[in-house]
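Chain residues, written in single-letter form:
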Amino acid sequence: VSTPSEFTALWDELNKPRNSLGDIVLSMFDADDSIRRTTRNAGDIELNNPVWCITGATTLSNFRQALTSTERGSGLLQRILPVCMQERTKQFKAPTELPDPNTELYREITEVTEKLNELEERSVSISEEAKRLHTEWCYRKNAQGERLAERLPDIGGFISRLMIYALKIALIFQQLDYPNRSISAKNVKAAIAVCEWLSSHIVYMMNRNYIFDSEYADRIAIRERIEEQPNQRITRTKLMNLSNFSKARLDKAVESEKDAGQIKEIKIETAGRPRIEYERTHA
């Protein structure tokens, strides 16, 4: 398990020409039986049953810049489970105001991870009731994916992987609960709840096309800056300053939003040049 403070910095490093680890990372995400790599100095390196889990944070803009159409085509994007936060959930605190580390929580987390790490390799079965619950949920998710695919063409890759993740999460829950028993219906229900929560974040991210289309992301950024203003109306000058876009980039985003009916342009006559303002239309 890797916990980089900045996910995109890690991914950029992995894909530098001197490393070229992008393909191997995909295999490790999928938990292949073994992975072999030939290196100049260390010769052949083989890992048996590798599983690499990465958890890290980044901004949506950095995420979009680091992950391009290459990662979309390779399937890496569909292997990432996003948890998006748009607004601050905690009050700001200076470093001197931060609470002391929660040693009890740290101890509990350590005990749980050690328990999983010490498990012996063996087959685990799934109860008939748990199997039924998971099967029924998969059919519902598949139907949801087909409905969403009309406006989110890439949703299928996320949905199909969520079905597998639900089983993996249920397995983890079972090993923390009663490791010598079959995966129970209770733990499958809990895993499905987690996946449904993650599913809402996936749809949120894809609805805004933050990753797949940088031009559309520019349009969303313009739209959000306008929505933040009183009466959802802003001057062109202020919009340019808030967005930090070049004139050409701003023009392209604004024209697309106008054509889509999301904003309207208002010209206000003055003693000199007309003042341009934009207003959100909620089309």
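Whatever comes next refers back to the structure up there.
Residues numbered from 1 in each chain as written. Predicted model: local features only at pLDDT ≥ 70, side-chain atom pairs only at ≥ 80, totals over all residues. Heavy atoms only, no water.

Student: Would you mind showing me how to read the packing of helix α7 (residues 155–177) against helix α8 (residues 185–207) here?
Tutor: Any two packed helices are characterised by the angle at which their axes cross and by the distance between the axes. Relative to each other, α7 and α8 sit at 145 degrees, their axes nearing to 8 Å. The hand of the α7/α8 crossing is right-handed. Counted by class, the contact of α7 with α8 contains 19 nonpolar, three polar and two charged residues. (Axes fitted to C-alpha atoms, helices over the stretch in contact; angles between N-to-C directions. Helix = DSSP H or I, 4+ residues; strand = E, 2+ residues; numbered from the N terminus. Left-handed = near helix turned anticlockwise from the far one by under 90°. Nonpolar A, V, L, I, M, F, W, Y, C, P; charged D, E, K, R; others polar.)

Student: Would you mind going over the sheet that holds strand β5 (residues 275–280) with me for this structure?
Tutor: Pairing between the strands of a sheet comes from backbone hydrogen bonds, and it takes one of two forms, parallel or antiparallel. Across the sheet, three strands lie side by side as β3-β5-β4; this open sheet has antiparallel pairing. Of all strands in the sheet, those with a lone pairing partner are β3 (233–235) and β4 (263–268), marking the two edges. Between one strand and the next, the sheet's axes are offset by a mean angle of 25 degrees, whatever the strand orientation. The pairing of β3 with β5 spans three bridges and is antiparallel. (Pairing = 2+ DSSP bridges.)

Student: So what exactly am I meant to see when it comes to the packing of aromatic side chains here?
Tutor: Aromatic ring pairs are reported here in terms of the distance separating the ring centres and the angle at which the planes meet. The tally for this structure, following the rule as stated, stands at zero aromatic pairs. The ring of Y178 has R181 lying over it, and the distance from NZ or CZ to the ring centre is 4.0 Å. (Phe/Tyr/Trp six-rings, centres within 6.5 Å; stacked < 30°, edge-to-face > 60°. Lys NZ or Arg CZ within 6 Å of the ring centre and 35° of its normal.)

Student: Hey, could you run me through helix α10 (residues 236–243) in this one?
Tutor: Because the α-helix completes a turn every 3.6 residues, residues three or four places apart line up on one side. Along α10, the residues that are buried comprise R236, L239 and S243. Along α10, the residues classed as buried sweep out an arc of 60 degrees about the axis, all on the same side. Those residues of α10 that are exposed and angled more than 90 degrees off the buried face are T237 and N241. Looking at the residues trailing α10, positive phi occurs at N244, about 60 degrees. (Buried < 20%, exposed > 50% of the residue type's maximum accessible area, 1.4 Å probe, protein only. Arc of directions from axis to C-beta.)

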